[in-house]
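# Chains, contacts and geometry: an overview
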Amino acid sequence: QLKNITVWKMKRSLKLERHGISWGGFYMPQQSAQNNCVAACCYATMRWLTGIEVPMGALFGGGAASLSQAQSYLNSAQSANVYVAMSSTVSLDAMKANFYTAIAGHNAPPIISATMSTADGWPYALNAHAMCITGITSDRGVVMVADSYIPWVNGSASTQYVMPSTSVKSAIARRGIGYIF
């Protein structure tokens with residue numbers, strides 16, 4: 001599946017790793033606690049956009065945070081991209097267009113709020129989780145997900161992997177919150 005896709009990357013080098021494709025320079029750490037995925041996304045996003053590494057424990061008191069808190073934090077802490085919120089009811093085509101614009105046009109990773117189901121092809125099920133989107137294929141059918149929680153499930157898994165856009169849209173809709181880009 002991977003060898004026949006063309007990936008729009010975030011203006012950095014594309015490299016193959018043991019567990020799939022990742023973008024050189026984008027680093028998604030394992031979240032430092034099981035409930036601070038938003039902090040991990042903000043850490044990775046700030047590092048990508050500005051080069052500044054803000055300790056996860058310093059973000060949102062080291063605990064859980066909402067997507068709207070991430071949007072407020074990112075918009076006040078950096079000027080490379082103004083993040084806007086989109087509803088979970090946005091169409092699949094609009095979501096794919098927004099991801100494409102964010103990645104190819106603004107070099108900025110969208111952050112999604114998701115409820116993941118193995119029935120949709122996710123590597124594990126989780127009721128509430130935030131992840132970054134770090135790549136999208138030219139046909140917009142597949143995205144690269146940066147997932148800070150997966151090392152809690154599988155310690156040898158890469159934090160970046162590909163998912164069909166339809167599965168990402170289903171996970172966003174199931175959660176009912178949306179995404180920022």
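A few points on the structure. Note that the structure is a prediction, hence the values are computed from the model and not measured.

Time to look at the overall build of the chain. Helix and strand counts for the chain come out as five helices and nine strands. The buried share of the chain, reckoned over its 181 residues, is 52%. At a minimum sequence separation of 6, the contacts of the chain that also span at least 24 residues come to 60%. Surface accessibility of the chain: about 7,800 Å² in total, with carbon and sulfur atoms responsible for 51%.

A word on the packing of aromatic side chains. Using the criterion set out here, one finds seven aromatic pairs in the structure. Here Tyr27 and Tyr43 contribute two aromatic rings whose centre-to-centre distance is 6.4 Å and whose plane-to-plane angle is 75°, an arrangement assigned as edge-to-face. Taken as a pair, Tyr27 in the loop between strand E3 (20–23) and helix H1 (37–50) and Tyr43 in helix H1 lie far apart in primary sequence, 16 residues in all. A residue is classified by how much of its surface remains accessible, and Tyr43, at 10% relative accessible area, is buried. Seen in terms of ring centroids, Tyr179 and Phe181 are 6.2 Å apart; in terms of plane orientation they differ by 50°. Their pairing is tilted. The burial state of Tyr179 is the same as that of Phe181; both residues are buried.

On to the pairing of strand E7 (residues 142–146). Burial analysis of E7 places five of its five residues in the buried class, which makes it a mostly covered element. Judged by which residues are buried, E7 turns out to be covered on both faces: Val142, Met144 and Ala146 on one side and Val143 and Val145 on the other are all buried. The sheet contact formed by strand E6 (residues 126–137) and E7 spans four bridges and is antiparallel. Following the sheet pairing, Gly135 is matched in E7 by Met144. Taken together, the five bridges between E7 and strand E8 (residues 160–164) define a ladder with antiparallel strand orientation. Each residue of the ladder has a partner; that of Val143, found in E8, is Met163.

About the cut-offs
- Residue indices begin from 1 for each chain and proceed along its sequence in written order.
- For a predicted model such as this one, the threshold for reporting local features is a pLDDT of at least 70, and the threshold for listing and counting side-chain atom pairs is 80 or more; totals across whole chains, interfaces and linings nevertheless cover every residue.
- Based on all heavy atoms of the structure, the side-chain values leave hydrogens and waters out of the count.
- Secondary structure elements are taken from DSSP: a helix is a run of H or I of four residues or more, a strand is a run of E of two residues or more, and numbering for both begins at the N terminus.
- Only protein chains enter the accessibility calculation, which uses a 1.4 Å probe; a residue is then buried when its area is under 20% of its type maximum, exposed when over 50%, and partly exposed in between.
- What makes two residues a contact is simply this: any of their non-hydrogen atoms within 4.5 Å.
- Note on areas: Shrake-Rupley with a 1.4 Å probe; residue coverage comes only from the protein chains shown.
- Two rings from Phe, Tyr or Trp (for Trp, the six-membered ring) form a pair when their centres sit within 6.5 Å of each other. Planes less than 30 degrees apart are called stacked, planes more than 60 degrees apart edge-to-face, and all others tilted.
- Pairing between two strands requires that DSSP report at least two bridges joining them.

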